[in-house]
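Analysis of the macromolecular model
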Amino acid sequence: MIGVKSWLALLAALVLAASAGAASSAPSLAIYPVPQGGFSLGLPPTWGDLTSTVRAPRANGKTPTMAEIAQTLASHGDQRLIVIDPAANGAVYADVVVDYVGPVNLGIVESATKSGIEKAFGKKALLSSAKVKLGTLSAYALSFAYTAQKVKFEASVYVVAADQVEYAIRYVAPRASWAKYSALFAASARTFKLLAPPKLAGDVLSAAEVGAGYKGSVIPRGGTFLGGATLDLCAGAYPSESLRTGRLQMSYVHAGKAVRVSNEVVTYVPGGAQEALREVRAVAKSCARKPAVVTQGKVKTTTEVAPIHDPNLLPGSVAVRIHVHQPGSNPEDTTGVAIYQVKNNVLSGVYAWVNNGTTLAQAEKIAYRAAETSERKLGGTSLAA
């Protein structure tokens, strides 16, 4: 849920913003599709999108790399859209925060948002809260007021909860200009829609393609990129996670003694899949030189990797053997294979783990076969660049 940290981040942004300029009249709205957030929103076409994933030249004439775009988006955390009215010198803007909250209802989300506002801005900041409809979606509209850099501001926040994810659509303007923007903000909020996720069932491996006797199922939260990680090898940093637009991860188990297998297919904004592959390649190379050690409380986990190679995989693919060691009173040792490859705007990850009665050689063999099959399935009409 949107907590105190997010509200304080909003306050910091406003403190840095210039004081109010002349407010613009309410123009027509253009629809901003935000696939990396799973939604679309109508906003004035003259407003500047600070979170665009389109590689357009900046004011200095230089075009940002996909790595720079990914890093910028990652630095905004859960903010998947920030759009500013240039006529107001940065004092009027809208943003959308997307946050995985788990199996809670809209009432709990609304209550938590109220608490966040009151903790960040004071109990007197909250002005109103009412249940509304944004198209077919139930939502709460909350309004609050506060002062930053001696300027009085007002804000409206519309909160939606769907599939264990909270969407908070926020509009901010100086109180002196609020009357000129409030109708525009309300009209914009009513355009909010959730985007249909990419259809990936035909692109992920079937159980039969993994091997005879295997049965497949979607892992928990495996059908969404919101609230679930794709890249976590060696606990590395992966800004490209903010560039994902769809994900489906399956797990495959066998009744007998067999390797555990998983396959996930992930879609990205254009250029995002290649950026993800560059990131995982860099992390794998670093981890091969020096194992990654993560300590949580008294538990220390060490991950070691070693590169492997299959000439039948897509060019640039990353394949590694993995050994995860966790000492202690209940020691754990896990070994397996991870293979990452990209085609068009899609990444496929194949993971094979040694199970009771199986060997690393067997895991490597089934991982290669599964990855080669996945390579042939990638790049279908639904996933083309």
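Cut-off values and rules
Note that residues are indexed from 1 along each chain, following the sequence as it is written. Thresholds applied to this predicted model are a pLDDT of at least 70 for local features of residues and 80 or more for the giving and counting of side-chain atom pairs; totals over whole chains, interfaces and linings are not thresholded and use all residues. Excluding hydrogens and water, the side-chain figures rest on all heavy atoms present in the structure. Note on aromatic pairs: the rings of Phe, Tyr and Trp (six-membered ring only in Trp) are paired at centre separations within 6.5 Å, and the planes decide the class, stacked below 30 degrees, edge-to-face beyond 60, tilted for the rest. For the purposes of this entry, the term helix denotes a DSSP run of H or I that reaches at least four residues, the term strand denotes a run of E that reaches at least two, and both are numbered from the N terminus. Burial here depends on accessible area, computed with a 1.4 Å probe over protein chains only, as a share of the maximum for the residue type. Under 20% is buried, over 50% is exposed, and the range in between is partly exposed. On a scale of 0 to 100, pLDDT captures the predictor's confidence in every residue. What makes two residues a contact is simply this: any of their non-hydrogen atoms within 4.5 Å. Within this scheme, the nonpolar core is defined by two criteria: the residues are buried Ala, Val, Leu, Ile, Met, Phe, Trp, Tyr or Cys, and they are joined through side-chain atoms within 4.5 Å. The method works on a 1 Å grid over the protein atoms by themselves. A cavity is a set of points holding a 1.4 Å probe that cannot get out, a pocket is an open set with protein on both sides within 12 Å along at least five of seven lines, and residues with an atom within 4 Å of a point line them. Grid points are joined across faces, edges and corners, and a volume is the space filled by probe spheres set on the points. Under the scheme applied here, ten amino acids are nonpolar (Ala, Val, Leu, Ile, Met, Phe, Trp, Tyr, Cys and Pro), four are charged (Asp, Glu, Lys and Arg), and all others, including Gly, are polar. For two strands to count as paired, DSSP must find a minimum of two bridges between them. An axis is simply a line fitted to the C-alpha atoms; with a helix, the fit covers only the stretch in contact. Between two such axes, the angle follows the N-to-C directions and lies from 0 to 180 degrees. Expected span, for any helix, means 1.5 Å times one less than how many residues it has. In this description, the arc belongs to the directions extending from the helix axis to the C-beta atoms.

One pass over the structure, following the stated rule, counts 13 aromatic pairs. Measuring from ring centre to ring centre gives 6.0 Å for Tyr158 and Tyr171, while their planes differ by 85°; the resulting arrangement is edge-to-face. Of this pair, Tyr158 sits in strand 8 (residues 151-162) while Tyr171 sits in strand 9 (residues 165-174), placing them 13 residues apart in sequence. A relative accessible area of 0% places Tyr171 in the buried class. Connected via pairs of aromatic rings, a cluster forms that spans Trp47, Tyr158, Tyr171, Trp178, Tyr181 and Phe185.

Turning our attention to the confidence of the model for the protein chain. Of all residues in the protein chain, 91% attain a pLDDT of 70 or more, and the chain-wide mean is 90. The low-confidence segment residues 10-26 (pLDDT under 50) makes 39 contacts with residues lying over four places distant or belonging to another chain. A low-confidence stretch, residues 380-385 stays under pLDDT 50, and its non-local contacts, those more than four residues away or across chains, total 13 contacts.

Here we come to the nonpolar core. Counting 33 residues, the largest nonpolar core has Trp47, Tyr167, Ile169, Tyr171, Phe185 and Phe192 as its most contacted members. In contact with Tyr167, other than residues within four places in its own chain, are Gly37, Phe39, Val97, Val98, Tyr158, Val159, Val160, Ala162, Phe192, Leu194 and Leu226.

We now examine the layout of surface pockets. Considered as a void within the structure, the largest pocket measures approximately 480 Å³ in volume. Residue lining of the largest pocket: 22 residues in total, with Asp232, Leu233, Ile322, Val324 and Trp353 positioned closest to the centre. Taken together, the elements giving at least two residues each to the lining of the largest pocket come down to strand 13 (260-268), strand 14 (292-296), strand 15 (299-307), strand 16 (318-326), strand 17 (332-343) and strand 18 (346-353). The greatest single-element share of the lining of the largest pocket, amounting to four residues, is contributed by strand 16. Here the lining of the largest pocket is composed, by residue class, of 11 nonpolar, seven polar and four charged. Approximately 300 Å³ is the volume found for the second largest pocket. Of all the secondary-structure elements, those providing two or more residues to the lining of the second largest pocket are strand 9 and strand 12 (244-254). Of the residues in the lining of the second largest pocket, the class split is 11 nonpolar, five polar and one charged.

Ordered in space as 3-4-5-9-8-7-6, the seven strands form an open sheet in which the pairing is antiparallel. Two strands close off the open sheet at either side, each with one partner strand: strand 3 (48-49) and strand 6 (126-134). Where strand 5 (residues 93-100) lies against strand 9, eight bridges are found, and the strand directions are antiparallel. Opposite Tyr100, over in strand 9, you have Val165 as the bridge partner. Together, strand 6, strand 7 (137-148), strand 8 and strand 9 form the strand contacts of helix 3 (residues 106-121), whose direction differs from that of strand 7 by roughly 5°. Strands strand 6, strand 8 and strand 9 of the sheet are contacted by helix 4 (residues 178-190), whose axis makes an angle of about 160° with strand 9.

Our next topic: helix 7 (residues 360-377). With 18 residues, helix 7 should reach 26 Å at 1.5 Å per residue; the first-to-last C-alpha distance of 25 Å fits that figure. Here helix 7 has its buried residues at Ala363, Glu364, Ile366, Ala367, Tyr368, Ala370, Ala371, Glu372, Thr373, Ser374 and Glu375. Lining the buried residues of helix 7 we find helix 5 (207-210), strand 11 (214-218), strand 13, strand 16, strand 17 and strand 18.

Turning to helix 2 (residues 66-75), a few remarks are in order. When we look at burial in helix 2, the residues that qualify are Met66, Ile69, Ala70 and Leu73. Around the axis of helix 2, the buried residues are gathered within 100° of arc, so they sit on the same side. One or two steps after helix 2, the chain reaches Gly77, where phi turns positive at roughly 65°.

Once that is clear, we can look at the pairing of strand 9. Here strand 9 lies mainly inside the structure; 10 of its 10 residues are buried. Residue alternation in strand 9 divides its side chains into two sets, Val165, Tyr167, Ile169, Tyr171 and Ala173 and Glu166, Ala168, Arg170, Val172 and Pro174, and both sets are buried. Relative to strand 9, strand 8 is paired through 10 bridges, and the arrangement is antiparallel. Looking at strand 9, one finds that Val157 is bridged to Arg170. Once strand 8 ends, the chain turns through two residues before running back antiparallel as strand 9, passing Asp163 with a positive phi of about 50°.

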